[in-house]
Amino acid sequence: MDNLGQYPHRRWNPLRQAWVLVSPHRTQRPWQGELGQKTAPSGIVYDRFCYLCPGNQRAGGQVNPFYERVFSFENDYAALLPDSPAQAESAASPLLVAEPARGLCKVLCYHPDHNLTLARMTEPEIRRVVDAWTQEYREIAALDWIRYVQIFENRGAMMGASNPHPHCQIWATGFVPDEPAAETLAQQEHLHRTGHCLLCEYMEVERAAQQRVVFENDHFAAIVPWWATWPFEVLLISRRHLPALPELNDGEQDGLADALKRLTTRYDNLFEASFPYTMGFHQSPTHGEHPEWHFHAHFYPPLLRSATVRKFMVGFEMLGMPQRDITPEDATERLRASSEEHFLPRA
Ligand SMILES: [Zn+2]
Ligand SMILES: [Zn+2]
Ligand SMILES: [Zn+2]
């Protein structure tokens, strides 16, 4: 398999137990789609129509405090509610199955400045966000009916983010959602079969190969995974084996802030644009013993070749399997060559 960079092949994703099709020869084909252009932040520090800016009234009628650091609140339009009925109604057919789904949804503003992003925040400012994520996780996981806490950020209109104000969402559920459930099974299987943690082992393979490691610090490694689906997908893995945010020590919390700053800055510099993405942390379920679980973050950015030309998951990808053209190794080289000094320094 010396010619992986030239011929179609499929790669195994052991964390999700699924394949991805890689078609590197297709990067030669002519491109006739839209052309990209650089994008810059709005420069608007306060937007009186933004429901996340300090002092503004939200749609539900509540007024945001004049917060100076981070600020969280329960989503006014939550997709999940704590008080769904406990019992399912009996189904007319075993093929028509439904279950009550309890949960809660919060919004966490990273910063009062409407114009900022993680990439353009300082490391101490990002550290305060890390602390807030940890506090939220700890409080929500302590509720006895919660089984999973999903922290995620949709960044940019291209990813459907309805508001540019720097913020993330926290959806906590009375069940373990499908993605972390599948990763739980894969990690459990690997631990039982080999006696080792899947991601500890995978990280050591990557650190030895040095083909897909974008960068690392003392506490985290940023890797374009062997099985990446999105062009510039990155897996951020804690160097130490631990299951969830509350287990990070002080140095690791700083390490996470440093890694987030460096990764998002490289992303923005890649196309000199505010790089859109969906990112989120995968942590152990909140109930039971989970020696298999290794804390990590996924970054799924849609951009392919410019600030506006994106990858679509359509056609064969919806009906067959995910597919990519640029190899993970090429994507790693592009991200390694991208500077850690932001192209738009903050005033
Ligand atoms: Zn705002
Ligand atoms: Zn591990
Ligand atoms: Zn994961």
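Computed from a prediction, not measured in an experiment: that's the story for all the values here.

Caption draft 1: Examining the overall build of the protein more closely. Each helix and strand counted, the protein has six helices and 12 strands in total. Rg of the C-alpha trace for the protein: 21 Å, near the compact-globule value of 20 Å for 347 residues, within the 12% margin. Reported as C-alpha extents along the three principal axes, the dimensions of the protein are approximately 60 × 55 × 45 Å. Sorting the 347 residues of the protein into buried and exposed places 50% on the buried side. Counting contacts in the protein only where the partners sit at least 6 residues apart, residues at least 24 apart contribute 70% of the total. Surface accessibility of the protein: about 16,900 Å² in total, with carbon and sulfur atoms responsible for 53%. Positive and negative side-chain charges of the protein, numbering 32 and 43 respectively, have mean locations separated by a distance of 5 Å.

Caption draft 2: Structural detail: the coordination of the zinc ion (ligand 3). In the first shell of the zinc ion (ligand 3), the protein supplies Glu183 (OE), Glu183 (OE), His282 (ND1), His296 (NE2) and His298 (NE2), at 2.0 to 2.3 Å from the metal. Counting the intervening residues between successive donors of the zinc ion (ligand 3) yields the motif E-x98-H-x13-H-x1-H. Pair noted here: His282 is in strand β10 (residues 277–282) and His296 is in strand β11 (residues 296–300), with a separation of 14 residues, a long-range link. For His282, a relative accessible area of 7% corresponds to the buried category.

Caption draft 3: Spotlight on helix α2 (residues 178–194). Taking 1.5 Å of rise per residue, the 17 residues of α2 would be expected to cover 24 Å, and the 24 Å separating its terminal C-alpha atoms lies within 8% of that figure. Three or more residues of α2 are buried, namely Pro180, Ala182, Glu183, Thr184, Ala186, Gln187 and His190. Those residues of α2 that are buried are in contact with β5 (148–155), α3 (198–209), β10 and β11. Just past α2, the residue Gly195 takes up positive phi, approximately 80 degrees.

Caption draft 4: How the structure looks around the coordination of the zinc ion (ligand 1). Within the protein, the atoms that donate to the zinc ion (ligand 1) are Cys50 (SG), Cys53 (SG), His114 (ND1) and His165 (ND1), at distances of 2.0 to 2.3 Å. Coordination at the zinc ion (ligand 1) is tetrahedral: its four donor atoms span angles of 104 to 115 degrees at the metal. Look at where the donors of the zinc ion (ligand 1) fall in the sequence and you get C-x2-C-x60-H-x50-H. Of the two residues, Cys53 is situated in the loop between β2 (18–22) and β3 (71–74) and His165 in the loop between β5 and β6 (167–173); the sequence distance between them amounts to 112 residues. With a relative accessible area of 1%, His165 lands in the buried category.

Caption draft 5: Summary view of the nonpolar core. Core analysis: the biggest nonpolar cluster contains 56 residues, and Trp133, Val149, Phe232, Leu256 and Leu260 have the highest contact counts within it. Residue contributions to this core peak at eight residues, all from helix α1 (residues 123–141). Not counting chain neighbours up to four residues away, the residues in contact with Trp133 comprise Leu108, Tyr110, Ile151, Cys168, Leu245, Leu260 and Phe281.

Caption draft 6: Representation of helix α4 (residues 250–270) in the model. For α4, built from 21 residues, the straight-helix expectation of 30 Å at 1.5 Å per residue is met to within 8% by its first-to-last C-alpha distance of 31 Å. Most of α4 sits out of view: 17 of its 21 residues are buried. Two or three places before Gly251, at the start of α4, stands the capping residue Asn249, its side-chain oxygen 3.1 Å from that residue's backbone nitrogen.

Caption draft 7: Fine view of the environment of Ala244. With respect to the helices and strands, the residue Ala244 is situated in the loop between β9 (234–238) and α4. Distance from Ala244 to Thr286, taken between C-alpha atoms, is 9.2 Å for residues 42 residues apart in sequence. Ala244 has contacts with Tyr137, Gln283 and Phe295, leaving out every residue within four places of it along the chain.

Caption draft 8: Quick peek at the pattern of salt bridges. For the structure shown, the criterion picks out 17 salt bridges. Residue Glu329 is joined to Arg212 by a salt bridge in which the shortest nitrogen-to-oxygen separation is 2.6 Å. Highlighted residues: Glu329 in helix α6 (residues 328–337) and Arg212 in the loop between α3 and β7 (213–216), separated in sequence by 117 residues. According to the relative accessible area criterion, Glu329 is buried, its value standing at 16%. Arg212 gets classed as buried once you look at its relative accessible area, which sits at 6%. Here Arg266 and Glu340 are joined by a salt bridge, their closest N and O atoms 2.7 Å apart.

Caption draft 9: The arrangement of the sheet that holds β3 in detail. Read across the sheet, nine strands follow the order β3-β4-β6-β5-β10-β11-β9-β8-β7 without closing on themselves; strand pairing throughout is antiparallel. One side of each edge strand has no neighbouring strand; the edge strands of this open sheet are β3 and β7. Strand-to-strand twist of the sheet, defined as the mean angle between neighbouring strand axes without regard to direction, takes the value 20 degrees. Of the strands in this sheet, β3, β4 (103–109), β5, β6 and β10 are in contact with α1, which crosses β4 at around 165 degrees. The strands touched by α2 within the sheet are β5, β10 and β11, with β10 carrying the most contacts at an inclination of about 50 degrees.

Caption draft 10: Main features of the packing of α4 against α6. Between α4 and α6, the least distance of the axes is 8 Å, while the angle of their chain directions is 95 degrees. With respect to α6, the element α4 is oriented roughly perpendicular. Where α4 approaches α6, its residues Arg266, Tyr267 and Leu270 are matched on the opposing element by Arg334, Leu335 and Arg336. Among the residues forming the contact of α4 with α6, the class breakdown is three nonpolar, no polar and three charged.

Reading the values: the criteria
- Residues numbered from 1 in each chain as written.
- Chains lettered and ligands numbered in written order.
- Predicted model: local features only at pLDDT ≥ 70, side-chain atom pairs only at ≥ 80, totals over all residues.
- Heavy atoms only, no water.
- Helix = DSSP H or I, 4+ residues; strand = E, 2+ residues; numbered from the N terminus.
- Rg over C-alpha atoms; globule rule 2.2 N^0.38 Å.
- Buried < 20%, exposed > 50% of the residue type's maximum accessible area, 1.4 Å probe, protein only.
- Contact = heavy atoms within 4.5 Å.
- Areas by Shrake-Rupley, 256 points an atom, 1.4 Å probe, with all protein chains shown as cover.
- Lys, Arg positive; Asp, Glu negative; His and termini not counted.
- Charge placed at Lys NZ, Arg CZ, Asp CG, Glu CD.
- Donors = N, O, S within 2.8 Å, 3.2 Å for Na, K, Ca; no water.
- Expected span 1.5 Å × (residues − 1).
- Tetrahedral: all angles 85-135°; square planar, octahedral: opposite > 155°, others 65-115°.
- Core = buried A, V, L, I, M, F, W, Y, C linked by side-chain atoms within 4.5 Å.
- Polar contact = N/O pair within 3.5 Å; in protein donor to acceptor, adjacent residues only side chain to side chain.
- Salt bridge = Lys/Arg side-chain N within 4 Å of Asp/Glu carboxyl O.
- Pairing = 2+ DSSP bridges.
- Axes fitted to C-alpha atoms, helices over the stretch in contact; angles between N-to-C directions.
- Parallel < 35°, antiparallel > 145°, perpendicular 65-115°, else oblique.
- Nonpolar A, V, L, I, M, F, W, Y, C, P; charged D, E, K, R; others polar.

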